[in-house]
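# Observations on chain architecture
Letter by letter, the chains look like this.
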Amino acid sequence: MAVNPGQDGADATPLRAASPLSSYGPVAKTLHWLVFALVVVQYVVAITMPDIGRNTVPGTLINLHMSIGLTIVALVVVRWLWRVGHPIPLATPDLSSWEQPLARIVHAALYVLLAVNPILGWMNASARDWKITVFGLFQLPHLVAAQSPIGRQAGDVHQFLAWVLLALIGLHVVAALYHYFVRHDSVLQRMLPGRT
Ligand code: HEM
Ligand code: HEM
């Protein structure tokens, strides 16, 4: 294994541990775990909220679902903009030649779904002619006309993609835990608080 010898040549610290890009930065980490917490709450709310029918009037849980979903999409946009402007530690010797592109594809798909799927939910809520607010603080415009067919179809796609997103998150989490518990490498630590 490549080592980083100290002045007397006796220190055997691995080179990657000394790399300035061996971990995500504090802002990227904070946004990652904030979005994670919101997504967990979002699925609990989505599963427990009442079934939505033609004449449903949104109550507390449905309003919470819309508010959290809109917060998630805003944070994901901020997170993406931050990512574009800041270097990220994509290359690690801990990922094999096939894991590296797979991780990139899954990360990209997570970003896309987290950004696009809430918009589909927003379109469906617009077609239902609901008042769409973020925690009652401010109201958002309708994206499509009331009763529009595209808005109604967006609801079906929204529900389907929500489960696709959950499956991808599952894959992502299993991969992270596999690296930590089975491979005993540094992949999970790159996203944990502390290390820089
Ligand atoms: C990442 C964010 C979101 C996730 C993970 C998510 C997840 C889900 C899930 C799992 C369901 C199905 C619930 C069930 O069948 O019991 C659902 C339904 C729904 N969501 Fe979301 N949602 C998100 C964001 C939003 C946003 C931002 C809005 C609106 C502003 C919204 C509006 C709706 C509506 C109207 C339905 C019912 C759709 C229908 O019955 O056709 N969602 N969502
Ligand atoms: C809602 C759930 C989650 C979502 C949507 C999510 C999303 C993401 C995304 C988009 C990235 C790429 C970051 C970037 O390059 O900008 C990432 C990285 C990462 N996530 Fe998650 N994540 C979730 C939960 C978790 C959990 C629960 C764990 C740990 C058990 C985890 C561990 C990691 C690690 C270790 C990385 C860095 C991988 C690397 O590049 O080496 N994530 N996550």
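Residues numbered from 1 in each chain as written. Chains lettered and ligands numbered in written order. Predicted model: local features only at pLDDT ≥ 70, side-chain atom pairs only at ≥ 80, totals over all residues. Heavy atoms only, no water.

Let us now look at the coordination of the iron atom of ligand 2. The coordination sphere of the iron atom of ligand 2 contains the protein donors His32 (NE2) and His172 (NE2), at a distance range of 2.0 Å. Note that the iron atom of ligand 2 binds six donor atoms; their angles at the metal cover 87 to 180 degrees, and the shape is octahedral. One end of the pair, histidine 32, is in helix H2 (residues 26–48); the other, histidine 172, is in helix H5 (residues 149–183), with 140 residues separating them in the sequence. The exposure class assigned to histidine 32 is buried, which follows from its relative accessible area of 13%. Judged by its relative accessible area of 25%, histidine 172 is partly exposed. (Donors = N, O, S within 2.8 Å, 3.2 Å for Na, K, Ca; no water. Tetrahedral: all angles 85-135°; square planar, octahedral: opposite > 155°, others 65-115°. Helix = DSSP H or I, 4+ residues; strand = E, 2+ residues; numbered from the N terminus. Buried < 20%, exposed > 50% of the residue type's maximum accessible area, 1.4 Å probe, protein only.)

What follows covers the site of ligand 1. Among the 21 residues in the neighbourhood of ligand 1, the closest are listed as Gln42, His65, Asn124, His158 and Gln159. The contact in question runs from an oxygen atom of ligand 1 to an N or O atom on the backbone of alanine 46, over 3.3 Å. Here histidine 65 contributes a side-chain N or O atom positioned 2.8 Å from a nitrogen atom of ligand 1. Elements with a minimum of two residues in the shell around ligand 1: H2, helix H3 (60–85), helix H4 (99–127) and H5. Partitioned by chemical class, the residues of the shell around ligand 1 number twelve nonpolar, eight polar and one charged. (Near = heavy atom within 4 Å. Polar contact = N/O pair within 3.5 Å; in protein donor to acceptor, adjacent residues only side chain to side chain. Nonpolar A, V, L, I, M, F, W, Y, C, P; charged D, E, K, R; others polar.)

Another aspect to go through is the packing of aromatic side chains. Two measures describe an aromatic ring pair: the distance that separates the ring centres and the angle between the ring planes. Following the criterion strictly, the structure yields four aromatic pairs and no others. Both rings, one in tryptophan 33 and one in phenylalanine 36, keep their centres 5.5 Å apart while their planes meet at 90 degrees; by these two values the pair is edge-to-face. On the criterion of helical spacing, the pair formed by tryptophan 33 and phenylalanine 36 is a turn pair, its members being three residues apart in helix H2. On the accessibility criterion, tryptophan 33 (31% relative accessible area) is partly exposed. Consider the rings of tyrosine 43 and tryptophan 163, whose centres lie 6.0 Å apart with planes at 45 degrees: the pair is tilted. (Phe/Tyr/Trp six-rings, centres within 6.5 Å; stacked < 30°, edge-to-face > 60°.)

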